[in-house]
Amino acid sequence: MAESCFQSDPDFCPECGTILPLPGLEEFVVCRKCDFQISVHKFEGTEIHSETVFNDPNMMREHLATEDEGGELKGPVVDRKCSRCGHDGMVYHTRQTRSADEGQTVFYTCINCRYQEKEDS
């Protein structure tokens, strides 16, 4: 087993920077990209913690429309008819709610009744 001349975080290959697989029952952790080998003994005492945090859909709905101190909606206004009250003019903003290779979601808020709707592109 060769020693690397670079130092890196234990989760990454010190030679190429690829994320290393978790240590298993084998004697070495082998980088899937460059085949660099690291002894599993280098990982002794290392604790791995992970956490998955999901967005609360109710929390997101509360923060869709942005308002200034006077309670007025902020943002660009487009000529779009509100499906609830029929008012022509809605404020919009976009968010990336799906994977990065898919289009953004456009959120519209009616200036008149504050009804909110979304459109996936």
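Each value, and the rule that gives it
- Residues numbered from 1 in each chain as written.
- Predicted model: local features only at pLDDT ≥ 70, side-chain atom pairs only at ≥ 80, totals over all residues.
- Heavy atoms only, no water.
- Helix = DSSP H or I, 4+ residues; strand = E, 2+ residues; numbered from the N terminus.
- Buried < 20%, exposed > 50% of the residue type's maximum accessible area, 1.4 Å probe, protein only.
- Areas by Shrake-Rupley, 256 points an atom, 1.4 Å probe, with all protein chains shown as cover.
- Pairing = 2+ DSSP bridges.
- Disulfide = S-S within 2.5 Å.
- Axes fitted to C-alpha atoms, helices over the stretch in contact; angles between N-to-C directions.
- Salt bridge = Lys/Arg side-chain N within 4 Å of Asp/Glu carboxyl O.
- pLDDT = per-residue confidence, 0-100.
- Polar contact = N/O pair within 3.5 Å; in protein donor to acceptor, adjacent residues only side chain to side chain.
- Contact = heavy atoms within 4.5 Å.
- Core = buried A, V, L, I, M, F, W, Y, C linked by side-chain atoms within 4.5 Å.

**Some points on the overall build of the protein**
- For the protein, the helix and strand inventory stands at 1 helix and 6 strands.
- Secondary structure elements of the protein occur, N-terminal to C-terminal, as β-β-α-β-β-β-β.
- When the 121 residues of the protein are sorted by exposure, 22% land in the buried category.
- Of the roughly 9,300 Å² of accessible surface on the protein, a fraction of 48% belongs to carbon and sulfur atoms.

**Examining the pairing of strand E3 (residues 77–81)**
- Counting buried residues in E3 gives 0 out of 5 residues, a small share hidden from the surface.
- Judged from the 3 bridges that link them, E3 and strand E4 (residues 88–95) form a sheet pairing that is antiparallel. Across the sheet, the residue bridging to Val78 is Met90, located in E4.

**A closer look at the state of the cysteines**
- Enumeration over the complete set of coordinates arrives at 0 disulfides.
- Left unpaired, Cys85 is separated from the closest cysteine sulfur, that of Cys110, by 3.6 Å.
- Cys110 gets classed as buried once you look at its relative accessible area, which sits at 0%.

**Let's talk about the sheet that holds strand E5 (residues 105–110)**
- The 4 strands lie next to each other as E3-E4-E5-E6, forming an open sheet whose pairing is antiparallel. Each edge of the open sheet carries a strand with a single partner, namely E3 and strand E6 (116–120). With strand direction ignored, the average angle separating the axes of adjacent strands in the sheet is 40°.

**Quick notes on the environment of Ile38**
- Relative to the assigned elements, Ile38 resides in strand E2 (residues 37–39).
- Each C-alpha atom, one on Ile38 and one on Cys13, is 8.6 Å from the other, the two residues being 25 residues apart in sequence.

**Thoughts on the pattern of salt bridges**
- Applying the stated rule across the entire model yields 3 salt bridges.
- Here Arg98 ties to Glu102 by a salt bridge, and the two come within 3.2 Å at their closest N and O atoms.
- We classify Arg98 as partly exposed; its relative accessible area is 30%.
- Overlapping salt bridges bring together Arg80, Glu117 and Glu119 as one network.

**Considering the confidence of the model for the protein**
- Per-residue pLDDT for the protein averages 83, and the proportion of residues at 70 or more is 83%.
- When pLDDT is averaged over each helix and strand of the protein, the minimum, 54, is found for helix H1 (residues 57–62) and the maximum, 93, for strand E1 (residues 28–30).

**Remarks on the side chain of Thr105**
- Following the sequence through the fold, Thr105 ends up in strand E5.
- Polar contacts involving the side chain of Thr105 include one to the side chain of Thr97, which spans 2.6 Å.
- Contact partners of Thr105, with chain neighbours within four places excluded, come to His93, Thr94, Arg95, Thr97, Arg98, Lys118, Glu119 and Asp120.

**Section: the nonpolar core**
- Counting 8 residues, the largest nonpolar core consists of Cys13, Leu20, Val29, Cys31, Phe36, Ile38, Val40 and Phe43.
- Residues Cys82, Met90, Tyr108 and Cys110 belong to the second largest nonpolar core, which totals 5 residues.

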